[in-house]
Amino acid sequence: ASGAAGAEATAAAMAAVEPPPPTEAAAPGPETDESPGAGSGVPEPPLWPEYADPNYVMPTEIEVKVGRVGTAATGMGSYEEQTIICVAVEKVPVGFRKPNLGGYRHKRTGLRYHHAGTQTEARTRPPRDMSSLRERDTQTYETVSRRTETVRESGTQMRRVDLDIDDTSDLVVYPKPYFSAAQQLEVNRKACITMQRYWRGYLARCRAHTKRMAILTMRAEEAAQAEMEENQAAERHQREIKRRLQPRTKADFELLYNELGTWRHREVQKIHDGVFGDTAEAKRRANAELLAKESKLLQTIDNMKGRASKEGRQVRVRKLLKMMSQPQKWELGDGHFVDVDTPFSVRAKELMDLYEGLTAPLMSTEERLNVLLSVKWTVAEFDCTLSSDIIELIEREADLLNRGRSSSTMTGLRQRVANLFLEFIQTPEFNPAAQQFSKVPDETIYISPETYTTEFAAT
């Protein structure tokens, strides 16, 4: 009955796929076109193939033929048995469109094979009971003894008179001497002793290496310390020699005077002891020579003091001019500082450049005349006695340069020009930045930034 029902369902499905039977064609009229095959009994091919017909309806049951090929029990030959099984199809409603999984196409025949999909719902696993997961009863393992028999049968056979047994592949095994637990503990103890020996040897080697490295490091540090001390001693020695050969500070000259006094005291003591002679004439002559040497040394110290004073003055002047020309530091709202060039600092920078040009040695005549002309125009903006003196000295030097006089004959003149121009720079009326560096600030002389900007914008 199921087979008949399946056949009927299959027939019904095929009927749904097959096109309707051809009908008799109407007689062609004058206004209709005759088509090839019209009116003939040849059926038209189906529009859709069987595997892609959208009107196909799956039956409720399908028939599956299962075949089996085997050999008969009598051994007379092979036979083929086929069984028809009816499988019920349960339709599950699908709420989504099945995806296109692609497929393959046969290159020779052109057949296409699509990947099949299933609409069976996924099996859901029941939730696990977590109530007694971490209890003592759950975590306690109960052991049960069971006996079973293996499926493999085996047996033994001893030698008999009426039975020949092949013993060529037999292996005779003799028992070894009994190894007690005490002997095993002794073996373990010896093994532990061996491991301890190697481990303690490793630790001893590590300690020895650490001590050697500590000794080497200490020796290296001692050598570096000794070298540093030696270098510092050499630097101190060189510094002491330089202090005596090229004294700069007051302490250096005091050191020279003290050493000169010590040397004179020793020489006087030698004269009194009669080292240069016991007679009065010898002592008088030795005192005269000592006085001459002392006078010459004092003269040398005074000359070095003059040179040091001159060099120190130049250093102080350059430092003062540099401090005047430094930009001002203004604090921003976020706490940072920014350098700002004010009109006063710009003016001080210009005057510092002119002063360095006046005091620069080894300049050509043309360069010197350009510097003198720039200084003259800078000073000529103010009508005062200091400006007139500077202009007069500049014109005198320019006249001497035009006449071809040598630079050595104008050393004093150039020094006077430089000193007067330095006095001009240190005057707050001409250089507002010098106001804060003057020893006795003049409160009556003040030039506001607006006035300075209008008066000195051209410079």
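Residues numbered from 1 in each chain as written. Predicted model: local features only at pLDDT ≥ 70, side-chain atom pairs only at ≥ 80, totals over all residues. Heavy atoms only, no water.

Topic: the packing of helix α4 (residues 250-272) against helix α5 (residues 280-324)
Convention followed: Axes, fitted as lines to C-alpha atoms, cover a helix only where it is in contact. Angles between the N-to-C directions of the axes lie from 0 to 180 degrees. Elements are defined by DSSP. Helices are runs of H or I of four residues or more, strands are runs of E of two residues or more, and each kind is numbered from the N terminus. Roughly parallel means an angle under 35 degrees; roughly antiparallel means over 145; roughly perpendicular covers 65 to 115; every other angle is labelled oblique. Charged residues are taken to be Asp, Glu, Lys and Arg, nonpolar residues to be Ala, Val, Leu, Ile, Met, Phe, Trp, Tyr, Cys and Pro, and polar residues to be all remaining types, Gly included.
Relative to each other, α4 and α5 sit at 175 degrees, their axes nearing to 11 Å. For the element pair α4 / α5, the angle class is roughly antiparallel. Its residues placed into classes, the contact of α4 with α5 shows 14 nonpolar, two polar and seven charged.

Remarks on the nonpolar core
Grouped burial of nonpolar side chains is what soluble globular proteins tend to show. Using the following cut-off: Here, nonpolar core refers to any group of buried Ala, Val, Leu, Ile, Met, Phe, Trp, Tyr and Cys residues whose side-chain atoms link them within 4.5 Å. Note on classification: 1.4 Å probe, protein chains only; a residue is buried when its accessible area is under 20% of the maximum for its type, exposed when over 50%, partly exposed between these limits. Between two residues, a contact is recorded if the distance between any of their heavy atoms is within 4.5 Å.
Tyr355, Val375, Ile390, Phe421 and Phe424 are the most contacted members of the largest nonpolar core, which has 33 residues in total. Those elements that provide at least two residues to this core are α5, α6 (343-359), α7 (365-379), α8 (385-402) and α9 (411-425). With eight residues, the top contributor of residues to this core is α9. If we ignore the near neighbours within four places in the chain, the residues touching Ile390 are Val375, Val379, Leu420, Phe421 and Phe424. Core analysis: the next-biggest nonpolar cluster, separate from the first, contains six residues, Phe253, Leu256, Leu260 and Ala308 among them.

Digging into the side chain of Glu397
The condition is simple: N or O atoms closer than or at 3.5 Å make up a polar contact, with two conditions inside protein: a donor-capable atom paired with an acceptor-capable one, and, for residues adjacent in sequence, both atoms drawn from side chains.
Within the secondary structure layout, Glu397 lies in helix α8. Only 2.8 Å separates the side chain of Glu397 from the side chain of Arg414, close enough to count as a polar contact. Not counting residues up to four positions away in its chain, the partners in contact with Glu397 are Arg368, Leu372, Met410, Leu413, Arg414 and Val417.

What to know about α9
So the rule is basically this: The span one expects for a helix is its residue count, reduced by one, times 1.5 Å.
For α9, with 15 residues, the first-to-last C-alpha span of 21 Å sits near the 21 Å given by 1.5 Å per residue. For α9, the complete set of buried residues consists of Leu413, Val417, Ala418, Leu420, Phe421, Leu422, Phe424 and Ile425. Where α9 is buried, its residues touch α5, α6, α7 and α8.

Thoughts on the layout of surface pockets
Applied cut-off: Of the grid points, spaced at 1 Å and generated over the protein atoms alone, those admitting a 1.4 Å probe that cannot get out make up cavities, while open sets with protein on both sides within 12 Å along at least five of seven lines make up pockets; any residue with an atom within 4 Å of a point is treated as lining. Grid points are joined across faces, edges and corners, and a volume is the space filled by probe spheres set on the points.
The space that makes up the second largest pocket amounts to roughly 570 Å³. Forming the boundary of the second largest pocket are 18 residues, of which Leu358, Thr359, Ala360, Arg414 and Gln415 lie nearest the centre. Elements with a contribution of two residues or more to the lining of the second largest pocket: α5, α6 and α9. Here the element with the most residues in the lining of the second largest pocket is α5; it accounts for five residues. Residue composition of the lining of the second largest pocket, grouped by class: eight nonpolar, five polar and five charged.

Let's talk about the packing of α5 against α6
Between α5 and α6, whose axes approach to 8 Å, the crossing angle comes to 155 degrees. The angle between α5 and α6 places the two elements in the roughly antiparallel class. Taken together, the residues of α6 that come into contact with α5 (itself represented by Val317, Arg318, Leu321, Lys322 and Met324) are Ser345, Ala348, Met352, Tyr355 and Thr359. Grouping the amino acids of the contact of α5 with α6 by side-chain chemistry returns six nonpolar, two polar and two charged.

Focus: the packing of aromatic side chains
Using the following cut-off: For this analysis, a ring pair means two rings from Phe, Tyr or Trp (six-membered ring only for Trp) whose centres lie within 6.5 Å, classed as stacked if their planes differ by under 30 degrees, edge-to-face if by over 60, and tilted for the remaining angles. Two conditions define a charge located above a ring, namely a distance within 6 Å from the ring centre to NZ of Lys or CZ of Arg, and an angle within 35 degrees of the ring normal.
The tally for this structure, following the rule as stated, stands at five aromatic pairs. Between the aromatic rings of Phe424 and Phe430, the centroid separation amounts to 4.5 Å while the plane-to-plane angle is 10 degrees, which identifies the pairing as stacked. For the pair shown, Phe424 and Phe430 are each scored as buried. The ring of Phe253 is capped by Lys305, whose NZ or CZ atom sits 5.7 Å from the centre of that ring.

Quick look at the pairing of strand β5 (residues 328-331)
Defined as follows: When DSSP finds two or more bridges between a pair of strands, those strands are recorded as paired.
Note that β5 and strand β6 (residues 337-340) share four bridges and pair antiparallel. What sits directly across from Glu331, in β6, is Phe337. Two successive antiparallel strands, β5 and β6, enclose a turn made up of five residues, where Gly335 displays a positive phi of approximately 95 degrees.

A look at a nonpolar patch on the surface
Here is the rule: The residues that make up patches have over 30% relative accessible area and no salt bridge, and they are joined within 9 Å when like-charged or within 5 Å when they are Val, Leu, Ile, Met, Phe, Trp or Tyr. Here the accessible surface of atoms and residues is derived via Shrake-Rupley with a 1.4 Å probe, and residues count as covered only by protein chains that are part of the display. Any carboxyl oxygen of Asp or Glu that lies within 4 Å of a side-chain nitrogen of Lys or Arg is treated as forming a salt bridge with it.
On the surface, Ile62, Val64, Val66, Ile85 and Val87 cluster together to form a nonpolar patch covering roughly 340 Å² of accessible area. When residues of the nonpolar patch are traced back to their parent elements, those giving at least two are β1 (61-71) and β2 (78-88). A total of three residues in the nonpolar patch trace back to one element, the largest contributor, which is β1. Relative to the assigned elements, Ile62 resides in strand β1.

Thoughts on the confidence of the model for the protein
To be explicit about the condition: For every residue, the pLDDT score states the predictor's confidence, bounded by 0 at the bottom and 100 at the top.
Looking at the protein, the pLDDT average stands at 79 and 79% of residues meet or exceed 70. Between the elements of the protein, mean pLDDT differs from a low of 40, seen in helix α1 (residues 2-17), to a high of 95, seen in helix α3 (residues 181-245). Predicted confidence is poor over residues 1-39, with pLDDT under 50, and the contacts of this stretch with residues over four places away or in other chains come to 20 contacts.

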